[in-house]
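This is what each chain is made of:
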Amino acid sequence: MKKAIVLLLMLMMLLTGCEKSLNQSNDEENNKDIAIYSVDDALAYGRLTCENNSESLYVDGADIHLQNADGSEEIFKAGGINDSTIIEYVGLNSEFIFYADSNNQIYSIDKKNKNEKLIDHFDIAGIKSVDDKVYAYSNSFKVLELKGDKTEEVLDGVTPYEYNEYVYSDQASTFVVKLSGEEFTLRTAYNPVFTESGWLAGGDGTITPGHTVVSGNELFLLAQSSESNQSFVDPGYKYKKNDVLVKYNPKSDEKELLYKTNDNNEQIINYSINNDELFLYSDGVIYRSNLYGEDRTKLCDAPSEGKLYFEYSNDQLFIYDEKDNLLGRY
């Protein structure tokens, strides 16, 4: 009898251990690495989407979709893309679509006749469309204006992040925001807005112009907190501690916590100030809520394979895989 009881207890322990292991495995499968290319109206450029005046672009593999003002769409094939390259950045003006590939080659496509031309080879770090001009720039702050058949180096002091006189990059660890003619320097890491707030679960809370929005005299800042020895944008799931979205007035130093995740089981994947939207990834599901995390609704089950990339443009959330394939837009 005693022997039977012992065997039964051992069997129960084994079954409990198996159940716990399975649950841990499911937790691991339902959490993944994510990256945010840009948020709605971010200070810095997007990657695979672009809005300019009444038109917008989005990428799907080697296809570039032009969304016209009347709601219609045209598809342009990126002829420079093959099995070994992907589109890195896109931009547009009234006459041309521009894209750069992963070999640092810049192409123009004529919107009328769809003729494509290789116009430069450049150590590119981004493309920005401003009014009817399109700029490409490198990490060393060299700036080119892109034209239909050529590029021209800009010598008039346009800086990589300059857009409506809001922001420019000062050095690698800071960026400068202009509000009503007054400049404010923000640290990308160890920013006191977050390190002194107690909102971070660990690490320093890294911010970037691509995750930052200006509205009047206020800044909206998304900080990603990671392990203390990690300080970078979009840390992997295993390194991330939590995400924090804050409204901050640098003139008065007032700050308001809009939303924070408690740990890495939930991640902020994008937000829109204009549309009062916050997008969250949790337990294999993508949700939409207001900026305070309220009124949450399920958008979709997240794709199960690989890292996910998110971008917001033209009132839509875009979800990409590592090869620029569009997985969904909402």
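These numbers come from a predicted model, not from an experiment. (Residues numbered from 1 in each chain as written. Predicted model: local features only at pLDDT ≥ 70, side-chain atom pairs only at ≥ 80, totals over all residues. Heavy atoms only, no water.)

Overview of the pattern of salt bridges
Close approach of charged atoms allows side chains of opposite charge to pair. For clarity, the cut-off: By salt bridge we mean one thing: a side-chain nitrogen of Lys or Arg within 4 Å of a carboxyl oxygen of Asp or Glu. We call a residue buried when its accessible area falls under 20% of the maximum for its residue type, exposed when it is over 50%, and partly exposed in between, using a 1.4 Å probe and counting protein chains only. Strands are runs of DSSP state E lasting at least 2 residues, helices are runs of H or I lasting at least 4, and numbering of each runs from the N terminus.
Under the definition given, this model contains 13 salt bridges. In this structure, Lys150 and Glu152 form a salt bridge, with 3.3 Å as the shortest nitrogen-oxygen distance. Given the relative accessible area of 39%, Lys150 is considered partly exposed. Here Glu152 falls in the partly exposed class, since its relative accessible area comes to 32%. Glu182 is the salt-bridge partner of Lys251, the closest N and O atoms lying 4.0 Å from each other. Of this pair, Lys251 sits in the loop between β19 (240–249) and β20 (254–260) while Glu182 sits in strand β16 (residues 182–187), and the two are 69 residues apart along the sequence. We classify Glu182 as partly exposed; its relative accessible area is 38%. Salt bridges here are not isolated pairs; linked through shared partners, they connect Arg47, Glu88 and Asp324.

Focus on the pairing of strand β5 (residues 73–77)
In summary, the side chains of a regular strand alternate between the two faces of the sheet. Stated precisely, the cut-off is as follows: Should DSSP find at least two bridges between two strands, the strands are regarded as paired.
For strand β4 (residues 63–67) and β5, the ladder comprises five bridges, and the chain directions are antiparallel. Looking at the pairing, His65 lines up with Ile75 of β5.

Regarding the packing of aromatic side chains
As a reminder of what qualifies: Paired rings are identified among Phe, Tyr and Trp, the last through its six-membered ring, by centres lying within 6.5 Å, and are further divided according to the angle between planes into stacked (under 30 degrees), edge-to-face (over 60) and tilted (the rest). Only lysine NZ and arginine CZ atoms are considered, and such an atom sits over a ring when it is within 6 Å of the ring centre and within 35 degrees of the ring normal.
One pass over the structure, following the stated rule, counts five aromatic pairs. One cation-aromatic arrangement involves Arg47 over Tyr37; the distance from NZ or CZ to the ring centre is 4.4 Å. Cation over ring: Lys114 sits above Phe76, and NZ or CZ is 4.8 Å from the ring centre.

Side note on the side chain of Asp243
Stated formally: Residues adjacent in sequence count toward polar contacts only when both atoms are side-chain atoms; beyond that, a polar contact is any pair of N or O atoms within 3.5 Å, and within protein one must be able to donate a hydrogen and the other to accept it. Residue contacts are defined here by distance: any two heavy atoms, one from each residue, within 4.5 Å place the two residues in contact.
Mapped onto the secondary structure, Asp243 falls in strand β19. Side chain to side chain, Asp243 and Lys240 meet in a polar contact 3.2 Å long. Not counting the four nearest positions on each side in its chain, Asp243 is found in contact with Leu222, Ala223, Gln224, Ser225, Tyr259, Lys260, Thr261, Glu266, Gln267 and Ile268.

Some thoughts on the sheet that holds strand β27 (residues 326–329)
Definition in use: For helices, the axis comes from a line fit to the C-alpha atoms of the stretch in contact; other axes are also lines fit to C-alpha atoms, and the angle between any two N-to-C directions lies between 0 and 180 degrees.
Spatial ordering of the open sheet is given by β1-β25-β26-β27, a layout of four strands whose pairing is mixed. Each having just a single partner strand, β1 (34–38) and β27 make up the two edges of the open sheet. Adjacent strand axes in the sheet meet at a mean angle of 25 degrees when their direction is disregarded. Where strand β26 (residues 316–320) lies against β27, three bridges are found, and the strand directions are antiparallel. Considered in β27, the bridge of Ile319 is made with Gly328.

Quick look at the sheet that holds strand β10 (residues 126–130)
One open sheet accounts for four strands, arranged β10-β11-β12-β13; its pairing is antiparallel. The outermost strands of the open sheet, each flanked by one partner alone, are β10 and β13 (151–153). Each strand of the sheet is rotated relative to its neighbour by a mean of 30 degrees, with strand direction disregarded. Here five bridges tie β10 to strand β11 (residues 133–137), and the two strands are oriented antiparallel to one another. Along β11, the bridge assignment pairs Lys128 with Tyr135.

Here's the deal with the side chain of Gln267
You can see Gln267 is positioned in strand β21 (residues 266–272). In this structure the side chain of Gln267 is engaged in a polar contact, spanning 3.0 Å, whose partner is the backbone oxygen of Lys32. Polar side-chain contacts of Gln267 include one of 3.0 Å to the side chain of Lys240. Residues in contact with Gln267, not counting those within four places in the same chain, are Lys32, Ile34, Tyr237, Lys240, Asp243, Thr261, Phe279, Leu280 and Tyr281.

So, the pairing of β20
Note that β19 and β20 share six bridges and pair antiparallel. Counted as the bridge partner of Tyr248 is Lys255 from β20. Linking β19 to β20, which pair antiparallel, is a turn of four residues; within it Asp253 sits at a positive phi near 65 degrees.

Structural notes on the nonpolar core
Counted only if it meets this: Nonpolar cores are built from buried Ala, Val, Leu, Ile, Met, Phe, Trp, Tyr and Cys residues. Side-chain atoms within 4.5 Å join them into one set.
Residues Leu245, Ile269, Tyr271, Ile286 and Phe310 are the most contacted members of the largest nonpolar core, which totals 28 residues. Elements that contribute at least two residues to this core include exactly β1, β18 (218–226), β20, β21, β22 (277–282), β24 (297–301), β25 (308–313) and β26. If we ignore the near neighbours within four places in the chain, the residues touching Ile269 are Ile34, Ile36, Phe279, Leu280, Tyr281, Ile286, Phe310 and Leu317. By size, the runner-up hydrophobic cluster in this structure holds 23 residues, among which are Cys50, Ile64, Tyr99 and Tyr309.

What about the environment of Tyr89?
Relative to the helices and strands, Tyr89 resides in strand β6 (residues 87–92). Under the relative-accessibility criterion, Tyr89 is labelled buried at 12%. Spatially, the C-alpha atom of Tyr89 lies 8.5 Å from that of Ala125, the residues being 36 residues apart in sequence. Excluding residues within four positions of it along the chain, Tyr89 makes contact with Tyr45, Gly46, Arg47, Phe98, Tyr99, Ala100, Ile124, Ala125, Gly126 and Ile127. Reaching out from Tyr89, the side chain makes a polar contact with the backbone oxygen of Ala125 at a distance of 3.1 Å.

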